[in-house]
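These are the residues of each chain, in order.
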Amino acid sequence: QVQLVESGGGLVQPGGSLRLSCAASGSIFSIRTVGWYRQAPGKERELVAGIVSGGSTNYADSVKGRFTISRDNAKNTAYLQMNSLNPEDTAVYYCYAEIRSSGSLRYKGFWGQGTQVTVSS
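Procedures and definitions
Residues numbered from 1 in each chain as written. Predicted model: local features only at pLDDT ≥ 70, side-chain atom pairs only at ≥ 80, totals over all residues. Heavy atoms only, no water. Phe/Tyr/Trp six-rings, centres within 6.5 Å; stacked < 30°, edge-to-face > 60°. Lys NZ or Arg CZ within 6 Å of the ring centre and 35° of its normal. Disulfide = S-S within 2.5 Å. Helix = DSSP H or I, 4+ residues; strand = E, 2+ residues; numbered from the N terminus. Buried < 20%, exposed > 50% of the residue type's maximum accessible area, 1.4 Å probe, protein only. Core = buried A, V, L, I, M, F, W, Y, C linked by side-chain atoms within 4.5 Å. Contact = heavy atoms within 4.5 Å.

Enquirer: Honestly, the packing of aromatic side chains in this entry has me stumped. Any pointers?
Expert: Centre distance and the angle of the planes are the two values used to describe a pair of aromatic rings. If you walk through the whole model with that rule in mind, you get 4 aromatic pairs. Each member of the aromatic cluster is reached from another via a ring pair, and the members are Tyr37, Tyr94, Tyr96 and Trp111. The aromatic ring of Tyr107 is capped on one face by Arg32, whose charged end is 4.2 Å from the ring centroid. Here Arg45 stacks its cationic end above the ring of Tyr94, 3.7 Å away from the centre of that ring.

Enquirer: How should I be thinking about the state of the cysteines in this particular structure?
Expert: In protein chemistry, a disulfide is the covalent bond that joins the sulfur atoms of two cysteines. The full count for this structure, using the stated rule, is 1 disulfide. Paired by a disulfide, Cys22 and Cys95 hold their sulfur atoms 2.0 Å apart. Between Cys22 and Cys95, the S-S dihedral sits near -80°, and the bridge is therefore left-handed. Taken as a pair, Cys22 in strand β3 (residues 18–25) and Cys95 in strand β9 (residues 91–101) lie far apart in primary sequence, 73 residues in all. A single burial state applies to Cys22 and to Cys95, both of which are buried.

Enquirer: What should I look at first to understand the nonpolar core in this one?
Expert: Most often, soluble globular proteins have nonpolar side chains that are buried together. Formed by 31 residues in total, the largest nonpolar core has its most connected members in Leu4, Trp36, Phe67, Leu80, Met82, Tyr93 and Ile99. Taken together, the elements giving at least two residues each to this core come down to β3, β4 (28–39), β5 (46–51), β7 (67–72), β8 (77–82), β9 and β11 (115–119). The element that contributes the greatest number of residues to this core is β9, accounting for 5 residues. In contact with Phe67, not counting residues within four places along its chain, are Arg38, Val48, Tyr59, Leu80, Gln81, Met82, Asn83, Leu85, Asp89 and Tyr93.

Spelled out as structure tokens, the structure:
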């Protein structure tokens, strides 16, 4: 059974930083694309950043230059470094990954449970 667990959220003042982690566990053969999404109250879930297995990344315009996505394939863990946070970044942040389980030939999408990020003075 594959599971994604996010951590690192919390309350931070405007201009501050947080680092989110997304750890995958279970019978994992490989992880393809990993994405960080966020959902603010009353808004749709949106893609914040993504990274493929080769390391290429993409970002939403609203976070370019402030957020950095990375991954440690040996640890099956992805990260989202968030700098210069502002109140508009307040949301629940979710990790999504395309994972091929051991013994499977196909990739399947998995979501984490989400972690709350609140930016407020």
